[in-house]
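What follows is each chain in one-letter form.
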Amino acid sequence: MSEVIVITSGKGGVGKTTTTANLGVGLAKRGNKVVLIDTDTGLRNLDLLLGLENRIMYDLVDVVTGRVPYKKALVRHKKYETLFLLPTSQIRDKNSINGQQLIDVCNEMRGKFDYILIDCPAGIEQGFKTAIAAADYAIVVTMPEVAAVRDADKIIGELNRADKSHIKLIVNRIRSHMVDAGDMMDMEDINDILAIDCIGQVPDDELVVISTNRGDPVISNKKSLAGQAYNNIVGRICGEQIPFLNFRKKTLFDKIKQILHV
Amino acid sequence: MSEEVVFKGSRSGLKLVLANTVDFPTIENLIKQKLDSSFNFFQKGTVIQLEANWLDKAQKQSLGNIFSTYGLVLQDINTDKETGKQAFPQVEGSTAQNANAAGSDGKTKTTIINQTIRNGQEVISDGSIVINGNVNPGAAIIAGGNIDVRGSCRGIVHAGAFGNMEAVVTADHLIPMQIRIADMVARAPDKWMSKSDAPYPEKAYISNGQIVLEAISSR
Ligand SMILES: Nc1ncnc2c1ncn2[C@@H]1O[C@H](COP(=O)(O)OP(=O)(O)OP(=O)(O)O)[C@@H](O)[C@H]1O
Ligand SMILES: [Mg+2]
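Residues numbered from 1 in each chain as written. Chains lettered and ligands numbered in written order. Predicted model: local features only at pLDDT ≥ 70, side-chain atom pairs only at ≥ 80, totals over all residues. Heavy atoms only, no water.

S.K.: I'd love a proper account of the overall build of chain A, names of residues and values included.
M.R.: Counting its secondary structure elements, chain A contains 12 helices and eight strands. Compactness check: chain A gives a C-alpha radius of gyration of 18 Å against a globular reference of 18 Å for 262 residues, within 12% of the reference. Considering only C-alpha atoms, chain A reaches an extent of 70 × 40 × 30 Å along its principal axes. Burial status across chain A gives 56% buried among its 262 residues. Across chain A, contacts joining residues at least 24 apart in sequence account for 75% of those joining residues at least 6 apart. Working note: accessible area of chain A is about 12000 Å², and carbon and sulfur atoms make up 49% of it. (Helix = DSSP H or I, 4+ residues; strand = E, 2+ residues; numbered from the N terminus. Rg over C-alpha atoms; globule rule 2.2 N^0.38 Å. Buried < 20%, exposed > 50% of the residue type's maximum accessible area, 1.4 Å probe, protein only. Contact = heavy atoms within 4.5 Å. Areas by Shrake-Rupley, 256 points an atom, 1.4 Å probe, with all protein chains shown as cover.)

S.K.: Please set out the pattern of salt bridges residue by residue, giving values where relevant.
M.R.: Summed over the entire model, instances satisfying the criterion amount to 18 salt bridges over all chains. Salt-bridge contacts for Asp192 of chain A lead to Arg154 of chain B; the nearest nitrogen and oxygen are separated by 3.0 Å. Residue Asp192 of chain A is located in helix α9 (residues 187-194), and its partner Arg154 of chain B is located in the loop between β10 (147-153) and β11 (156-159); the two belong to separate chains. Judged by relative accessible area, Asp192 of chain A falls into the buried class, the value being 13%. Two residues, Asp126 of chain B and Lys109 of chain B, come together in a salt bridge whose shortest N-O distance is 3.4 Å. Of this pair, Asp126 of chain B sits in the loop between β7 (122-125) and β8 (128-131) while Lys109 of chain B is found in the loop between α3 (93-104) and β6 (110-113), placing the two residues 17 residues apart along the sequence. On the basis of relative accessible area, Lys109 of chain B is assigned to the partly exposed category, the value being 30%. Salt bridges here are not isolated pairs; linked through shared partners, they connect Asp189 and Asp192 of chain A together with Arg154 and Lys195 of chain B. (Salt bridge = Lys/Arg side-chain N within 4 Å of Asp/Glu carboxyl O.)

S.K.: Tell me about a positive patch on the surface, residues and numbers included.
M.R.: Residue and element names in this part refer to chain A. There is a patch of like positive charges on the surface, built from Lys33, Lys71, Arg76 and Lys112. Tracing the sequence through the fold places Lys71 in helix α4 (residues 70-73). The exposure class of Lys71 is exposed, given its relative accessible area of 60%. (Patch = residues over 30% accessible without salt bridge, like charges linked within 9 Å, V, L, I, M, F, W, Y side chains within 5 Å. Lys, Arg positive; Asp, Glu negative; His and termini not counted. Charge placed at Lys NZ, Arg CZ, Asp CG, Glu CD.)

S.K.: For the interface of chain A and chain B, give the residues involved together with the corresponding values.
M.R.: Across the contact, 16 residues belong to chain A and 16 residues belong to chain B. Of the roughly 1400 Å² buried where chain A meets chain B, counting both sides, 44% is carbon and sulfur surface. Where chain A touches chain B, the interface holds four salt bridges. With a closest N to O distance of 3.4 Å, Arg154 of chain B and Asp189 of chain A form a salt bridge. Linking chain A with chain B are 12 residue pairs in polar contact (both at pLDDT 80 or more). Within the residue set of the side of chain A that touches chain B, elements represented by two or more residues are α7 (146-161) and α9 of chain A. With nine residues, α7 of chain A is the single largest residue contributor to the side of chain A that touches chain B. Tallied by class, the residues present in the side of chain A that touches chain B amount to seven nonpolar, two polar and seven charged. (Buried area = accessible area lost by both parts, 1.4 Å probe. Polar contact = N/O pair within 3.5 Å; in protein donor to acceptor, adjacent residues only side chain to side chain. Nonpolar A, V, L, I, M, F, W, Y, C, P; charged D, E, K, R; others polar.)

S.K.: Tell me about the environment of Ile103 of chain A, residues and numbers included.
M.R.: Residues and elements named next belong to chain A. Within the secondary structure, Ile103 is located in helix α5 (residues 99-109). For Ile103, a relative accessible area of 24% puts it in the partly exposed group. Residues Ile103 and Arg92, spaced 11 residues apart in sequence, show a C-alpha to C-alpha distance of 19 Å. Ile103 has contacts with Ala133 and Ala134, leaving out every residue within four places of it along the chain.

S.K.: Explain the UniProt feature "binding site: ATP" (unreviewed entry) in chain A to me, using residue names and the numbers behind them.
M.R.: All names here are of chain A. Residues given the UniProt feature "binding site: ATP" (unreviewed entry) here are Lys11, Gly12, Gly13, Val14, Gly15, Lys16, Thr17 and Thr18. Locating Lys16 in the fold gives a position in helix α1 (residues 16-29). With a relative accessible area of 6%, Lys16 lands in the buried category. At a separation of 3.4 Å, a polar atom in the side chain of Lys16 contacts the main-chain carbonyl oxygen of Lys11. Residue placement: Thr17 occurs in helix α1. On the basis of relative accessible area, Thr17 is assigned to the buried category, the value being 14%. (UniProt positions renumbered as here; feature names shortened; annotations may be inferred.)

S.K.: Kindly report on the UniProt feature "domain: AAA" (unreviewed entry) in chain A, identifying the contributing residues and their values.
M.R.: Residues annotated by UniProt as "domain: AAA" (unreviewed entry) correspond here to residues 3-165 of chain A. Secondary structure across residues 3-165 of chain A divides into 38% helix and 17% strand, with the first and last C-alpha atoms of the span separated by 15 Å.

S.K.: Tell me about the site of ligand 1, and please be specific about residues and values.
M.R.: Residues and elements named next belong to chain A. Taken together, 18 residues lie near ligand 1, and Gly13, Lys16, Thr17, Thr18 and Asn172 sit nearest. Measuring from an oxygen atom of ligand 1, one finds a backbone N or O atom of Gly13 at 2.9 Å. At 2.9 Å, a side-chain N or O of Asn172 approaches a nitrogen atom of ligand 1. Calculation on ligand 1 without its partners gives an accessible area of 630 Å², and the protein chains cover 80% of this total. Elements represented by at least two residues in the shell around ligand 1 include exactly α1, β7 (167-174), β8 (197-203) and α10 (206-214). (Near = heavy atom within 4 Å.)

S.K.: Outline the sheet that holds strand β15 (residues 202-207) of chain B, listing residues and values.
M.R.: Residues and elements named next belong to chain B. Pairing is mixed across the open sheet formed by six strands, whose spatial order is β6-β8-β10-β12-β15-β16. The open sheet has two edge strands, β6 and β16 (210-215), and neither has a second partner. Strand-to-strand twist across the sheet, computed as the mean angle between neighbouring axes with direction ignored, equals 25°. Pairing of β10 with strand β12 (residues 169-174) involves five bridges; the strand directions are parallel. (Pairing = 2+ DSSP bridges. Axes fitted to C-alpha atoms, helices over the stretch in contact; angles between N-to-C directions.)

S.K.: Explain the packing of aromatic side chains to me, using residue names and the numbers behind them.
M.R.: Going through the model one piece at a time under the given rule, you end up with two aromatic pairs over all chains. Pairing Phe7 of chain B with Phe67 of chain B gives two aromatic rings, centres 6.5 Å apart and planes at 80°, and the pair type is edge-to-face. Of this pair, Phe7 of chain B sits in strand β1 (residues 5-10) while Phe67 of chain B is found in helix α2 (residues 57-69), placing the two residues 60 residues apart along the sequence. Exposure class is identical for Phe7 of chain B and Phe67 of chain B. Each is buried. Of note, Lys33 of chain A hangs over the ring of Phe113 of chain A, and the distance from its end group to the ring centre comes to 4.9 Å. The ring of Tyr205 of chain B carries Lys203 of chain B above its face, with NZ or CZ at 5.3 Å from the centroid. (Phe/Tyr/Trp six-rings, centres within 6.5 Å; stacked < 30°, edge-to-face > 60°. Lys NZ or Arg CZ within 6 Å of the ring centre and 35° of its normal.)

Next up, the structure:
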């Protein structure tokens, strides 16, 4: 049976698409059969992050309108053989697809894949409602800043209202020096406000941007702390117990403490 | 949540305030959304005063119909009145007093909610409200009586919303954006407040014409 997971956030630009691409690659590397559905119709870019832009023939709108069967629209990843992308249309808008149509497509794919990940557009309008309709559970991505957390909170309320009560949290782009200086919210405050199970804390890492431009998600880069964090999230989704990374750069004081064993 | 449709407590009862910046069908939708998404704990027949003199009669009627499907009564306070002053027509005096009496009765009903109230959600009751959870930034609690938050209170809380100056707000961590009691307002400092800024339970109440906070040891 497949698990259908929607990746959503409310606020735009916090890392939904980056998360979807990385989790997709990570799950596929563990031997899972994975399909990623881009529902950000009109603003698609999941294909770019995966380096698959030039292989798209048909899109989600073609599938839901019955022009082609879903298999024809799937794009297989060139490097990770069990990873597929169902791209969306760049020219249509978010009203071209409704929730029931997405449910129908997912139902058709259920059982043929281990994981179906849905990349959600920003906002709480039609595009959001469509994206969450088919999901068994939701991953809410946020950043450690007041506005992003507030939008995440709103989204959690909306998910509850749509009877999606199985919700996990990923906090992305954490800059530990800013958290330490009190310029970014810390995990304690975020957890206190959002009060949902956190499955990932991803540091801000410029390797994310570099890998995005190369079309090869950062999770494959062993040197990247963000990549390691995404790997840990994949493990947690697969049911493993993994402690959270400590990606704080050691200060001189920490090093002295370490030497003194305090 | 939209700013076009707002419930406000006042000495004379609960008011619905509508801005005339959006068209009427939008207003209708926003009201329906609000009544659906809010946790409304009004007794059936609770009177809500409409403050929107720019609506015509038919529009007011259709709003009244929406409220009656939720068991609520919408009352027009601008009927045939000059709109400059905020005087309340005598005809409605009786209902306004009812609301007042319910608020200052001391033995009002208490609504208990066992969940976190999130951004955009609103809890409204003519009695007292206990939240077993957090009240998050962007959430609002409006009570005719007291408000007790058994968690972190970061949203907007309005106790004694129908004019009860004796009403109190208590919370395990009291760091709200705004506390209102009756018609007094206290605003949070202009910096991000963390839970560690309010580590102990506190109580807010009116003393000498202003809202004061006081640590409480037991609840
Ligand atoms: N951990 C990270 N460290 C550094 N940069 C990051 C990180 N995560 C995401 N980014 C960058 O942030 C930007 C926004 O990311 P992304 O497109 O994934 O967000 P999104 O939530 O999908 O946005 P939208 O709402 O527009 O769909 C991108 O430029 C991405 O490279
Ligand atoms: Mg995106």
